[in-house]
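Understanding the architecture of this molecule
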Amino acid sequence: MSTHAQPRDPVYWDVHDTTRTRPPVVDPGPAPAAPQPAPDDATVLFDGDDLGGWEHPDGSSPEWVVRDGYFQVEPGTGAIQTTEGFGDVQLHIEWMSPPSIEGDGQGRGNSGVFLMGTYEVQVLDSYENPTYADGQAAAIYGQYPPLANAMRPPGEWQVYDIIFRRPHFDDDGTVVKPAVLTVYHNGVLVQDHVELTGPTGHYERPPYEAHAAQLPLRLQDHSNPVRFRNVWVRELE
Ligand code: MG
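Because the structure is predicted, anything quoted here is derived from the model rather than measured.

Points about the coordination of the magnesium ion
At 2.2 to 2.4 Å from the magnesium ion lie its protein donor atoms, namely Asn110 (OD1), Ser111 (O), Glu120 (OE), Gln122 (OE1) and Gln220 (OE1). In primary sequence terms, the donor set of the magnesium ion follows N-S-x8-E-x1-Q-x97-Q. With Ser111 in strand S7 (residues 111–115) and Gln220 in the loop between strand S14 (215–219) and strand S15 (227–235), the pair connects residues that are 109 residues apart, well separated along the chain. You'll find Ser111 and Gln220 in the same group, each marked buried.

Here it is, written out as structure tokens:
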């Protein structure tokens, strides 16, 4: 089978199947010198100063570091999430894997953007750092490899623009409309309106479980000091 003939549908593949072809590398060009301002109807979740709209899932104040206009995973303190819940959103988030390379594969610059705390767009230093295709940067973790590897080198800012449509459930809790994701990585289309099989997982694809229409946006502590800045959402109808 030629690489182009490989099906995208996760149903054809085992989770983290290493025979899935990794996508082509695309140089997205240099990072913008400064973060672009948010649109005026956006809810700004981090403007460079403090983590006021964030908490650990147990409700405690974030122990992640805020410095020089960004915040950074404090390894071992756990995930953080927004105090507010969201459903359908356009999300802008910028991230940087640690400038000095440590570890490899899934152990290098790993974090994650969890829509509704449940559906992960992978954050990983995938610059010349091979791993299973459905776990590299901008993968829908364990389900969809990105269409391209649009990484800038570690120590440079990466930009995700994400369009997320939440799943819908009937009164019995059966999914009637799956979650759908579109993702741009540094301006390059990497997920084109893909339907999720359910929550993302490590070596598993759990089935949908009915949940609220709005849930917090969560960022993962995967023990690597990944930085974030310029985080905003626009809530969609
Ligand atoms: Mg991750």
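Following the structure, the description resumes.
Side note on the pairing of S7
Along S7, 5 of the 5 residues are buried, which leaves the element largely enclosed by surrounding structure. Side chains of S7 alternate between two faces, with Ser111, Val113 and Leu115 and Gly112 and Phe114 buried alike. Bridge count between S7 and strand S8 (residues 119–123): 5 bridges; the pairing is antiparallel. Note that in S8 the partner of Phe114 across the bridge is Glu120. Once S7 ends, the chain turns through 3 residues before running back antiparallel as S8, passing Met116 with a positive phi of about 55°.

Points about the packing of aromatic side chains
The tally for this structure, following the rule as stated, stands at 12 aromatic pairs. Aromatic side chains Phe71 and Phe228 sit 5.5 Å apart centroid to centroid with 25° between the ring planes, which places their arrangement in the stacked category. With Phe71 in strand S4 (residues 70–72) and Phe228 in strand S15, this residue pair connects regions lying 157 residues apart in the sequence. According to the relative accessible area criterion, Phe71 is buried, its value standing at 0%.

Overview of the sheet that holds strand S2 (residues 54–55)
Across the sheet, 5 strands lie side by side as S2-S5-S14-S7-S8; this open sheet has antiparallel pairing. What marks the edges here is a single partner per strand, and that holds for S2 and S8.

Quick look at the pattern of salt bridges
Where side chains of opposite charge bring their charged atoms close, a pairing between them can arise. Throughout the structure, instances matching the rule amount to 4 salt bridges. The residue Arg229 makes a salt bridge to Glu94 at a minimum N-O spacing of 2.7 Å. Here Arg229 is found in strand S15, whereas its partner Glu94 is found in strand S6 (residues 89–96), with 135 residues between them in sequence. Two residues, Arg108 and Asp125, come together in a salt bridge whose shortest N-O distance is 2.8 Å. In this pair, Arg108 is assigned in the loop between S6 and S7 and Asp125 in the loop between S8 and strand S9 (158–165), connecting sequence segments 17 residues apart. Judged by its relative accessible area of 1%, Asp125 falls in the buried class.

Conventions adopted
- Residues numbered from 1 in each chain as written.
- Predicted model: local features only at pLDDT ≥ 70, side-chain atom pairs only at ≥ 80, totals over all residues.
- Heavy atoms only, no water.
- Donors = N, O, S within 2.8 Å, 3.2 Å for Na, K, Ca; no water.
- Helix = DSSP H or I, 4+ residues; strand = E, 2+ residues; numbered from the N terminus.
- Buried < 20%, exposed > 50% of the residue type's maximum accessible area, 1.4 Å probe, protein only.
- Pairing = 2+ DSSP bridges.
- Phe/Tyr/Trp six-rings, centres within 6.5 Å; stacked < 30°, edge-to-face > 60°.
- Salt bridge = Lys/Arg side-chain N within 4 Å of Asp/Glu carboxyl O.

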